[in-house]
Amino acid sequence: MSKLLAQVVHLHVSEFVESSPSNLQHGFRKRRSCVTQLLRVFHDVGKALDSVKEADMVYFGFSKAFDSVSHRNLLLKLQQHGISCSLLNWFSDYLSERRQRVVVDGVSSSFLNVTSGVPQGSVLGPLLFLIYGNVLPKAANHSTCSAHVC
């Protein structure tokens, strides 16, 4: 039941926020992927080289990016996207009181509270990460570079 509810929420929230992600955001979007991001970068570099301009690239890898999402900041970003009241409270409940443990060779650790991150393997995880990370392309607007995010 919970996966079905998450799919319904995903359907409505993704329609609600689909227009707000940066055009430079390729990951977790309809008709976009890491391949479209790579093609866009090659196109931009090719244009620069054809115009005899310098083309520099910097790639950042975010280790454990899904795990580092602050729940508090994610809820603020959801609110900034116009999500409020009952739905915002639902997201708060969805993210709170999660616990995890590690099992190796049948031996289990004790459960620990999860205070950050989006639930991996969930229906909503990629959408929440997209909303949270949408600030990255905007951060590059002050320079002559573009930030393609995948």
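Computed from a prediction, not measured in an experiment: that's the story for all the values here. (Residues numbered from 1 in each chain as written. Predicted model: local features only at pLDDT ≥ 70, side-chain atom pairs only at ≥ 80, totals over all residues. Heavy atoms only, no water.)

## Description of the confidence of the model for the chain
1) Next: For the chain, mean pLDDT is 80; residues scoring 70 or higher make up 77% of the total.
2) Next: Of all secondary-structure elements in the chain, the lowest mean pLDDT belongs to helix 6 (residues 135–139), at 64, while strand 3 (residues 107–108) reaches the highest, 96. (pLDDT = per-residue confidence, 0-100. Helix = DSSP H or I, 4+ residues; strand = E, 2+ residues; numbered from the N terminus.)

## Digging into the nonpolar core
1) Next: Residues Val13, Leu74, Leu78, Phe91, Leu124 and Leu128 are the most contacted members of the largest nonpolar core, which totals 19 residues.
2) Next: The element best represented in this core is helix 5 (residues 125–133), accounting for five residues.
3) Next: Once residues lying within four places of it in the same chain are set aside, the contact partners of Val13 are Ile83, Leu87, Phe91, Leu127 and Ile131. (Core = buried A, V, L, I, M, F, W, Y, C linked by side-chain atoms within 4.5 Å. Buried < 20%, exposed > 50% of the residue type's maximum accessible area, 1.4 Å probe, protein only. Contact = heavy atoms within 4.5 Å.)

## So, the pattern of salt bridges
1) Next: A full pass over the atoms with the stated rule returns one salt bridge.
2) Next: As a salt-bridge pair, Arg40 and Asp44 come within 3.7 Å of each other at their nearest N and O atoms. Note that Arg40 and Asp44 are positioned in helix 2 (residues 34–50) at a spacing of four residues, about one turn of the helix. (Salt bridge = Lys/Arg side-chain N within 4 Å of Asp/Glu carboxyl O.)

## Overview of a nonpolar patch on the surface
1) Next: There is a patch of nonpolar side chains on the surface, built from Met1, Leu4 and Val8 and spanning about 360 Å² of accessible area.
2) Next: Residue classification places Met1 among the exposed residues on the basis of a relative accessible area of 85%. (Patch = residues over 30% accessible without salt bridge, like charges linked within 9 Å, V, L, I, M, F, W, Y side chains within 5 Å. Areas by Shrake-Rupley, 256 points an atom, 1.4 Å probe, with all protein chains shown as cover.)

## Describing helix 4 (residues 85–95)
1) Next: All of the buried residues in helix 4 are Leu88, Phe91, Tyr94 and Leu95. End-on, the buried residues of helix 4 take up no more than an arc of 115°, which puts them together on one face. Exposed side of helix 4, more than 90 degrees from the buried face: Cys85, Ser86, Asn89 and Asp93 are the residues found there.
2) Next: Looking one or two residues beyond helix 4, the residue adopting positive phi is Glu97, at roughly 55°. (Arc of directions from axis to C-beta.)

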